[in-house]
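Take a look at the letters that make up each chain.
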Amino acid sequence: MKAIAYRHSLPIENADSLIDIELPAPHASGRDLLVEVRAISVNPVDTKIRRNVAPAEGQAKVIGWDAAGVVKAVGPEVSLFKVGDEVWYAGDLTRAGTNSELHLVDERIVGHKPKNIDFAQAAALPLTTITAWELLFDRLQVSRDAGATQGKSLLVIGAAGGVGSILVQLARQLTGLTIIGTASRPETGEWIKQLGAHHVIDHSKPLHEEIARLGLPPVTYVAALNQTDHHWAAISELVAPQGKVALIDDPDALDVRTLKRKSVSLHWEFMYTRSMFQTADMQQQHQLLNDVATLVETGAVKTTLAERFGKINAENLKRAHALIESNRAKGKIVLEGF
Ligand SMILES: NC(=O)c1ccc[n+]([C@@H]2O[C@H](COP(=O)([O-])OP(=O)(O)OC[C@H]3O[C@@H](n4cnc5c(N)ncnc54)[C@H](OP(=O)(O)O)[C@@H]3O)[C@@H](O)[C@H]2O)c1
């Protein structure tokens, strides 16, 4: 089968930073599905792994953790899917990634693909959807009763990125929160307004001053998705007493003492936790992907695909990594077909 991989951790400008290779087809066992990958999307984690995790000498590493495709074979213990099912999923960081024609994934972290969108539109969503859903409902424990969240607010920092683009939609559709999104450019500001943000502020300026400029009260929930260390002092200022802050990125160091006076709680979301530790509730990711598929099919949530980058090969994947590394992606970049 065809796959895109790397043998050495190299800057994306290097011709060998990602290469086209051939690998033997894998075989499904246990609860694994063997999926024929039709489309993939690219996330910052791909670039972080490529830059920081070198394969063993002589080995090639296949990365990428977002796919939509068709089930070709199932392991003997599979009960949730059958051959021919169309699926969408993000996968497991501890296993080979989705940048290959055929891919193995545990059925408990796979959902049925929404029927009303194509494979590329579907591949845009799984990793960021799992992250946004777990952040909002499992970590921050935001109520899905719109009445219970009236008068409360959510600040989404980096709202036009992959995670923000689905988080804004889920919060708008499933809660009564007032949503404030951050963007630094007219096109990203317009994008998050269209996705459902009530207010847009500029993350190139101090965020607490931006909140004050709009006359908004202190913020109940903060989703710190991007450049959290840079925004930390402003977050500590703008968050409401007894508010909650959720993090997903990789800040160098944060002084959490700044939250004490307001009794603000801090929550980590890492979407690989359930698969990495095989938690008893890992099938929640199957369930939430199915729930969001229904939201897509009813039109409540739309794909966050912003750019189709052509076929799944090393050349196109390098262009996608370069755009992600610029930290100026809007929504998601997707590649389709081998
Ligand atoms: N823990 C987890 O499970 C998990 C899951 C997914 C992602 N992540 C991490 O979360 C981070 C965001 O992921 P993503 O997929 O949303 O990234 P992304 O799509 O690459 O984010 C790009 C966005 O970042 C915005 N941005 C640029 N500079 C910013 C700044 N100084 N402050 C705030 N926003 C800024 C840009 O908006 P403008 O163009 O308007 O400036 C752009 O729209 C990454 O570090 C990723 O690795 C973690």
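For clarity, every value in this text was computed on a predicted model and none was experimentally measured.

1. Observations concerning the sheet that holds strand S10 (residues 199-201)
Moving on, step 1. Read across the open sheet, the six strands follow the order S10-S9-S8-S11-S12-S13; overall the sheet is parallel. Strands with a single pairing partner mark the edges of an open sheet, and in this sheet they are S10 and strand S13 (265-268). The sheet shows a mean angle of 20° between the axes of neighbouring strands, direction not considered.
Moving on, step 2. When strand S9 (residues 178-182) meets S10, the two strands line up parallel, connected through three bridges. Bridge pairing in S10 links Ile-180 to His-199.
Moving on, step 3. Here helix H5 (residues 162-174) sits on the sheet in contact with strand S8 (153-157), S9 and strand S11 (219-224), set at roughly 170° to S9.

2. Some words on the site of the ligand
Moving on, step 1. Around the ligand sit 32 residues, and of these Pro-44, Gly-158, Gly-161, Gly-162 and Thr-188 come closest.
Moving on, step 2. Residue assignment for the shell around the ligand shows that the elements contributing at least two residues are helix H1 (44-52), helix H3 (126-139) and H5.
Moving on, step 3. When residues in the shell around the ligand are grouped by element, the largest group, three residues, is from H5.
Moving on, step 4. Residue composition of the shell around the ligand, by class: 12 nonpolar, 15 polar and five charged.

3. Regarding the environment of Gly-337
Moving on, step 1. Residue placement: Gly-337 occurs in the segment after strand S15 (332-336).
Moving on, step 2. Distance in space between the C-alpha atoms of Gly-337 and Asn-313 is 8.9 Å, their sequence separation being 24 residues.
Moving on, step 3. Once you skip the residues sitting within four places of it in the chain, Gly-337 turns out to touch Arg-38, Lys-311 and Ile-312.

4. Observations concerning helix H8 (residues 228-238)
Moving on, step 1. Turning to H8, its buried residues are Thr-228, His-231, Trp-232, Ala-234, Ile-235, Ser-236 and Leu-238.
Moving on, step 2. Its buried side turned inward, H8 meets S8, helix H7 (207-213), S11 and strand S12 (239-247).

5. Here's the deal with the domain arrangement of the protein chain
Moving on, step 1. Annotation of the protein chain at the domain level lists domain 1 (2-125 + 280-336) and domain 2 (129-268).
Moving on, step 2. The centre of domain 1, based on its C-alpha atoms, is set 27 Å off from the matching centre of domain 2.
Moving on, step 3. Across the contact, 15 residues belong to domain 1 and 14 residues belong to domain 2.
Moving on, step 4. Looking at which element gives the most residues to the side of domain 1 that touches domain 2, the answer is helix H10 (residues 284-297), with five residues.
Moving on, step 5. Along the lines of polarity and charge, the residues of the side of domain 1 that touches domain 2 split into nine nonpolar, four polar and two charged.

6. Focus on the pairing of S8
Moving on, step 1. Judged by how many residues are buried, S8 sits mostly within the fold: five of five residues are covered.
Moving on, step 2. Across four bridges, the pairing between S8 and S9 is parallel. Looking at S9, one finds that Leu-155 is bridged to Ile-180.
Moving on, step 3. Regarding topology, H5 serves as the crossover connection from S8 to the parallel S9, and that connection is right-handed.
Moving on, step 4. Across four bridges, S8 lies against S11 in parallel orientation. Residue pairing in the sheet places Ile-157 in a bridge with Ala-224 of S11.

7. So, the nonpolar core
Moving on, step 1. Counting 100 residues, the largest nonpolar core has Leu-33, Ala-123, Val-156, Leu-167 and Ala-223 as its most contacted members.
Moving on, step 2. Among the elements that line this core, the one with the most residues is H5, at seven residues.
Moving on, step 3. When near neighbours in sequence (up to four residues on either side) are disregarded, Leu-167 contacts Ala-132, Leu-135, Leu-136, Val-156 and Ala-223.

8. Notes on the packing of H1 against helix H11 (residues 314-325)
Each pair of packed helices can be summarised by the angle the axes make with each other and by the distance between the axes.
Moving on, step 1. Their axes nearest at 9 Å, the elements H1 and H11 cross at an angle of 100°. Considered as vectors, H1 and H11 are oriented roughly perpendicular to each other. The segment H1 lies against H11, with Pro-44, Asp-46, Thr-47 and Arg-50 engaging His-321, Ile-324 and Glu-325.
Moving on, step 2. Of the residues in the contact of H1 with H11, the class split is two nonpolar, two polar and three charged.

9. Topic: unusual backbone geometry
Moving on, step 1. Residue Gln-242 is not a glycine yet carries a positive backbone phi of 65°.
Moving on, step 2. Within the fold, Gln-242 resides in strand S12.
Moving on, step 3. Positive phi, normally seen in glycine, also occurs at Ser-263, with a value near 50°.
Moving on, step 4. Structurally, Ser-263 is set in the loop between S12 and S13.

10. Some words on H11
Moving on, step 1. Here H11 contains 12 residues, and its C-alpha end-to-end distance of 16 Å stays within 8% of the 16 Å for a straight helix at 1.5 Å per residue.
Moving on, step 2. Considered for burial, the residues of H11 that qualify are Leu-317, Ala-320, His-321 and Ile-324. Here the buried residues of H11 occupy an arc of 100° about the axis, which is enough to place them on one side.
Moving on, step 3. Contacts from the buried residues of H11 go to strand S1 (2-5), H1 and S15.

Criteria and cut-off values
Residues numbered from 1 in each chain as written. Predicted model: local features only at pLDDT ≥ 70, side-chain atom pairs only at ≥ 80, totals over all residues. Pairing = 2+ DSSP bridges. Helix = DSSP H or I, 4+ residues; strand = E, 2+ residues; numbered from the N terminus. Axes fitted to C-alpha atoms, helices over the stretch in contact; angles between N-to-C directions. Contact = placed C-beta atoms within 7 Å. Near = placed C-beta within 6 Å. Nonpolar A, V, L, I, M, F, W, Y, C, P; charged D, E, K, R; others polar. Buried ≥ 20, exposed ≤ 12 C-beta atoms within 10 Å, placed from the backbone. Domains from an automatic or database assignment. Right-handed = clockwise from strand over helix to strand, strands pointing away. Core = buried A, V, L, I, M, F, W, Y, C linked by C-beta atoms within 7 Å. Parallel < 35°, antiparallel > 145°, perpendicular 65-115°, else oblique. Expected span 1.5 Å × (residues − 1). Arc of directions from axis to C-beta.

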